[in-house]
Amino acid sequence: NIFYWEYVHRMLGRIIGLIYIIPFFFFLKRGYIKKEYVKSFLTLITLVIIQGILGWYMVKSGLVDNPHVSHFRLAAHLLLAFFLLAYTFWIKINFKNNKRLEIIETEDNRNINILIFLFTLQVLFGAFIAGTKAGLLWNTFPLMDGKLIPDGLFVLKPIYENFINNMKMFQFVHRLIGTLLIFYAGWFFFKTADKKYSIYTRFLFMLFLMQFYIGIMTLLLRVPFLVGIVHQGLAMIILILIVKIKYLI
């Protein structure tokens, strides 16, 4: 059942690698790339290679006894993919505008950094849920096991083990951070309502609301394939928008 997806994913990975590497050396030899961007592009190529190795390392964890990969390796693979997307887009908008960056609004910069941190945590725990199939459990909202704060969140010892190996904790934290992101994004939009980039912070708040709703539907419907894809795809759009706002600030 998974052979087709696995095969296409590997082929796409190789194609992406070639798209990053071959045009770079072609344009570099022709002198089309400015010297200040060579380091950034080489960094991208290095990250793409690391991502390929990490993908192999992830798949390797699911080749013995049963076809389920390590949720730690899955999380690392996904986070690096998101970082690659963000860094590629960052280079693109820098290349397009070609001007020296300075922080315009210190407070807004601090707030967008907090949003980036929360969003990264959310993606991390989303990967933990996907890797352990925790989304197939506790399919009610807003309650888990009939409670807002369910029992069993700290059953593992030492306590930190619950944040890396407890499926109930994975889902609870994912719900909690999702709620925090909505309120923080709404407050951030309110704080930037008079700024030139308010159209982007408004859109970000709207996307977080949509993502929250889709996340609830994913949970209640026990992770249908297409709904799960939409949930992850929207996360990528949110990431690009966050990078754009960070650039403008």
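Residues numbered from 1 in each chain as written. Predicted model: local features only at pLDDT ≥ 70, side-chain atom pairs only at ≥ 80, totals over all residues. Heavy atoms only, no water.

*Asks:* Residues and numbers for the overall build of the chain, please.
*Replies:* Check the secondary structure of the chain and you find eight helices and zero strands. The N-to-C order of helical and strand elements in the chain reads α-α-α-α-α-α-α-α. By the compact-globule yardstick of 18 Å for 249 residues, the chain fits well, its C-alpha radius of gyration being 20 Å. C-alpha atoms of the chain, sized along the principal axes, occupy 60 × 50 × 35 Å. Here the chain holds 249 residues, and the buried ones make up 37% of them. Taking as baseline every contact in the chain between residues at least 6 positions apart, the subset at least 24 positions apart corresponds to 72%. For the chain, the computed accessible surface area is about 15,300 Å², with 71% contributed by carbon and sulfur atoms. Seen as two clouds, the 26 positive and the 11 negative side-chain charges of the chain have centres 9 Å apart. (Helix = DSSP H or I, 4+ residues; strand = E, 2+ residues; numbered from the N terminus. Rg over C-alpha atoms; globule rule 2.2 N^0.38 Å. Buried < 20%, exposed > 50% of the residue type's maximum accessible area, 1.4 Å probe, protein only. Contact = heavy atoms within 4.5 Å. Areas by Shrake-Rupley, 256 points an atom, 1.4 Å probe, with all protein chains shown as cover. Lys, Arg positive; Asp, Glu negative; His and termini not counted. Charge placed at Lys NZ, Arg CZ, Asp CG, Glu CD.)

*Asks:* Pulling in residues and values, what's your account of the side chain of Asn 111?
*Replies:* By secondary structure assignment, the location of Asn 111 is in helix α4 (residues 106-132). When its relative accessible area of 4% is taken as the criterion, Asn 111 is described as buried.

*Asks:* Can you explain the environment of Leu 221? Please cite residues and give values.
*Replies:* Here Leu 221 lies in the loop between α7 (198-220) and α8 (225-248). Its relative accessible area of 52% is what places Leu 221 among the exposed residues.

*Asks:* Give me the lowdown on the nonpolar core, citing residues and values where you can.
*Replies:* Counting 43 residues, the largest nonpolar core has Leu 115, Phe 119, Leu 204, Phe 208 and Ile 238 as its most contacted members. The set of elements that each furnish at least two residues to this core consists of α3 (71-97), α4, α6 (167-191), α7 and α8. The leading source of residues in this core is α6, at 10 residues. In contact with Ile 238, other than residues within four places in its own chain, are Phe 119, Leu 204, Leu 207, Phe 208 and Gln 211. Core analysis: the second largest hydrophobic core is formed by 13 residues, Tyr 37, Ile 45, Leu 47 and Leu 80 among them. (Core = buried A, V, L, I, M, F, W, Y, C linked by side-chain atoms within 4.5 Å.)

*Asks:* Give me unusual backbone geometry: which residues, what numbers.
*Replies:* The omega angle of the peptide bond from Phe 141 to Pro 142 is 5 degrees, so this bond is cis rather than trans. In this structure, Pro 142 sits in the loop between α4 and α5 (162-165). The omega angle of the peptide bond from Lys 157 to Pro 158 is -5 degrees, so this bond is cis rather than trans. On the secondary structure map, Pro 158 appears in the loop between α4 and α5. The phi angle at Trp 138 is positive, at roughly 50 degrees, despite the residue not being glycine. By the secondary structure assignment, Trp 138 is in the loop between α4 and α5. Look at Val 223: it is not a glycine, yet its phi comes out positive at around 55 degrees. Given a relative accessible area of 37%, Val 223 falls into the partly exposed group.

*Asks:* Just give me the short version of the packing of aromatic side chains, but keep the residues and values in it.
*Replies:* Counting across every chain of the model gives 19 aromatic pairs. With a centroid separation of 5.9 Å and 45 degrees between ring planes, the pair formed by Phe 27 and Tyr 32 is classed as tilted. Through a chain of ring-to-ring contacts, the aromatic side chains of Phe 24, Phe 25, Tyr 37, Phe 41 and Phe 95 assemble into a single cluster. Taking NZ or CZ as reference, Arg 73 lies 3.7 Å from the ring centre of Tyr 57, over its face. (Phe/Tyr/Trp six-rings, centres within 6.5 Å; stacked < 30°, edge-to-face > 60°. Lys NZ or Arg CZ within 6 Å of the ring centre and 35° of its normal.)

*Asks:* Before we move on, can you summarise the pattern of salt bridges with the specific residues and values?
*Replies:* Side chains that carry opposite charge are capable of pairing whenever their charged atoms lie near each other. The tally for this structure, following the rule as stated, stands at five salt bridges. Ionic pairing is found between Asp 145 and Lys 168, a salt bridge with its closest N-O pair at 2.5 Å. One end of the pair, Asp 145, is in the loop between α4 and α5; the other, Lys 168, is in helix α6, with 23 residues separating them in the sequence. Given the relative accessible area of 10%, Lys 168 is considered buried. (Salt bridge = Lys/Arg side-chain N within 4 Å of Asp/Glu carboxyl O.)

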